[in-house]
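Tertiary structure, described
Each chain, written out:
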Amino acid sequence: MMNSNRKVQSTNPKKVRPKNLNLFTIRMPINALVSILHRVTGCALFLALPLLLVTFQLSISSASKFQLVQDLMHSPIAKLIVLGLAWSFFHHFFAGIRHLAMDVHWATTLIKARYTSKVVFVLGGLATLLLAISWVF
Amino acid sequence: MLLSLLTKRYPGMRAWLTQRLTGLLMAIYSVVLLIRVLVLTPSSYDDWLAFSRPWWWRLATLIFWVSLSSHAWLGVRDVLKDYVPNVKIRMVLLKLVVLALWVYLVWITLLLCNL
Ligand code: HEM
């Protein structure tokens, strides 16, 4: 992410270096994108836990509440939320597996890492798409 | 060797390894969950209870949730360390995260016990 600063660094260490932390102007290689999204999705999943618990509680408490959950799930907003969370989970899941693989030194060269990044995105998108097709429509 | 890393003598390694082991446990649970949903295709309320009730599945769910609590704690802690430089505010947020995770754990335990 900080590659672009290299030229500035090598000249004068005392000089005030430009700080560039604007996420929208930093050029993000695909590996960085997988990584930051792994973080974002992890936080999103954490924030979604109460929603998950409430839904589970409703779904097991009685037949009519179970029906209520099913009805709520038909609204477009609910579908959007569920699909968003599902994608978050899938991305975090596949990126997490990739992370574990790299921890045991599998696919750690740059070329392979770029390739597995693409695999993570494709699998995450595909899983979400399958869910959308089988459930939403 | 691996197990010695889990002792209090190496807090950083312990956190690192814990996050990996819990991640792995949750991944296994998720795959089993997916397979069960595909095989049993629960659609009615009764299906859903039959799906959720087996003692071993409730136990697995509890183990999943214990893993999740520990995993999310370590993960969110790292994120807050990175993005909240103000120590006082960070401490408050960290305490809130711990509190929330304990409440969730008690909550799911009660749900599973009364299922
Ligand atoms: C399903 C299986 C899961 C796997 C395989 C997995 C894997 C991982 C791994 C390997 C890391 C470490 C990343 C690092 O050290 O940079 C991590 C971080 C994290 N995970 Fe998970 N995880 C899973 C589920 C979850 C769930 C359900 C949550 C939410 C409650 C979650 C929340 C987080 C958070 C907040 C982080 C910190 C992200 C960061 O520091 O960048 N994870 N996960």
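Whatever comes next refers back to the structure up there.
Structural notes, computed from the coordinates. It should be emphasised that the depicted structure is a prediction, and the values quoted were computed from it without experimental measurement. (Residues numbered from 1 in each chain as written. Chains lettered and ligands numbered in written order. Predicted model: local features only at pLDDT ≥ 70, side-chain atom pairs only at ≥ 80, totals over all residues. Heavy atoms only, no water.)

This part is about the overall build of chain A. Along the backbone of chain A there are five helices and zero strands. Secondary structure of chain A in N-to-C order comes out as α-α-α-α-α. Per-residue burial for chain A yields a buried fraction of 28% across its 137 residues. Counted over contacts in chain A with a minimum sequence separation of 6, partners at least 24 positions apart contribute 71%. Per element, the accessible surface of chain A, about 9,300 Å² overall, is 71% carbon and sulfur. (Helix = DSSP H or I, 4+ residues; strand = E, 2+ residues; numbered from the N terminus. Buried < 20%, exposed > 50% of the residue type's maximum accessible area, 1.4 Å probe, protein only. Contact = heavy atoms within 4.5 Å. Areas by Shrake-Rupley, 256 points an atom, 1.4 Å probe, with all protein chains shown as cover.)

A word on the coordination of the iron atom of the ligand. Only His92(A) (NE2) and His71(B) (NE2) from the protein reach the iron atom of the ligand as donors, at distances of 2.0 Å. With six donor atoms in place around the iron atom of the ligand and angles of 86 to 180° between them, the coordination shape is octahedral. One end of the pair, His92(A), is in helix H4 (residues 76-103); the other, His71(B), is in helix H3 (residues 55-83), on a second chain. Judged by relative accessible area, which is 18%, His92(A) ranks as buried. Looking at His71(B), the relative accessible area reads 17%, which means it is buried. (Donors = N, O, S within 2.8 Å, 3.2 Å for Na, K, Ca; no water. Tetrahedral: all angles 85-135°; square planar, octahedral: opposite > 155°, others 65-115°.)

Residue and element names in this part refer to chain A. Following the sequence through the fold, Phe 121 ends up in helix H5 (residues 110-136). What makes Phe 121 partly exposed here is its relative accessible area of 24%. Residue contacts for Phe 121: discarding those within four places in its chain leaves Ile 30, Leu 33, Val 34, Leu 37 and His 91.

Turning our attention to the interface of chain A and chain B. Interface size, as often reported, equals the accessible area lost upon joining of the parts. Contact residues are listed per partner, giving 25 residues for chain A and 28 residues for chain B. Summing both sides of the interface, chain A and chain B together bury roughly 2,200 Å²; the carbon and sulfur share of this comes to 77%. Three residues, Arg39(A), Phe46(A) and Leu53(A), lead the burial of chain A against chain B; their summed loss comes to 29% of the area buried on that side. Our enumeration of links across chain A and chain B arrives at two salt bridges. For the pair chain A and chain B, the interface holds seven residue pairs in polar contact (both at pLDDT 80 or more). Elements with a minimum of two residues in the side of chain A that touches chain B: helix H2 (30-61), helix H3 (63-72) and H4 of chain A. In terms of residues, the side of chain A that touches chain B owes the most to one element, H2(A), which gives 14 residues. Here the residues of the side of chain A that touches chain B are counted per class, giving 16 nonpolar, seven polar and two charged. (Buried area = accessible area lost by both parts, 1.4 Å probe. Salt bridge = Lys/Arg side-chain N within 4 Å of Asp/Glu carboxyl O. Polar contact = N/O pair within 3.5 Å; in protein donor to acceptor, adjacent residues only side chain to side chain. Nonpolar A, V, L, I, M, F, W, Y, C, P; charged D, E, K, R; others polar.)

A few words on the pattern of salt bridges. Tallied over the entire structure, the rule returns three salt bridges over all chains. Across the pair Arg20(B) and Asp103(A) runs a salt bridge, and its minimum N-O distance is 2.5 Å. Here Arg20(B) is found in helix H1 (residues 11-40), whereas its partner Asp103(A) is found in helix H4 on a different chain. Its relative accessible area of 16% is what places Arg20(B) among the buried residues. Its relative accessible area of 23% is what places Asp103(A) among the partly exposed residues. A salt bridge links Arg77(B) to Asp78(B), with the shortest nitrogen-to-oxygen separation between them at 3.9 Å.

At Ala107(A), a residue that is not glycine, the phi angle is positive and equals roughly 60°. Of note, Ala107(A) is situated in the loop between H4 and H5. The phi angle at Thr41(B) is positive, at roughly 35°, despite the residue not being glycine. One can find Thr41(B) in the loop between H1 and helix H2 (45-52).

What follows concerns the packing of H2(A) against H3(B). Where H2(A) meets H3(B), the axes come as close as 10 Å, and the angle between the chain directions of the two elements is 130°. The angle between H2(A) and H3(B) falls in the class oblique. Seen along the crossing, H2(A) lies across H3(B) with a hand that is left-handed. For the pair formed by H2(A) and H3(B), the contact residues are Ile36(A), Arg39(A), Cys43(A), Phe46(A), Leu49(A), Leu52(A) and Leu53(A) on the first element and Trp65(B), Leu68(B), Ala72(B), Val76(B), Asp78(B), Val79(B), Asp82(B) and Tyr83(B) on the second. Residue classes in the contact of H2(A) with H3(B) are distributed as 12 nonpolar, no polar and three charged. (Axes fitted to C-alpha atoms, helices over the stretch in contact; angles between N-to-C directions. Parallel < 35°, antiparallel > 145°, perpendicular 65-115°, else oblique. Left-handed = near helix turned anticlockwise from the far one by under 90°.)

The next subject is the packing of aromatic side chains. Geometry of an aromatic ring pair is reported as the spacing of the ring centres plus the angle between the planes. As enumerated under the stated definition, the model contains 11 aromatic pairs over all chains in all. Both rings, one in Phe51(B) and one in Trp57(B), keep their centres 6.0 Å apart while their planes meet at 70°; by these two values the pair is edge-to-face. Comparing Phe51(B) with Trp57(B), the two get one shared label, buried. Between Phe64(B) and Trp65(B) the ring centres are 6.2 Å apart and the planes differ by 70°, which places this aromatic pair in the edge-to-face class. Joined through ring pairs, the aromatic side chains of Phe56(A), Tyr29(B), Trp48(B), Phe51(B), Trp56(B), Trp57(B), Phe64(B) and Trp65(B) make up one cluster. Looking at Arg36(B), its charged tip hangs above the ring of Trp57(B), at a distance of 4.6 Å from the centre. (Phe/Tyr/Trp six-rings, centres within 6.5 Å; stacked < 30°, edge-to-face > 60°. Lys NZ or Arg CZ within 6 Å of the ring centre and 35° of its normal.)

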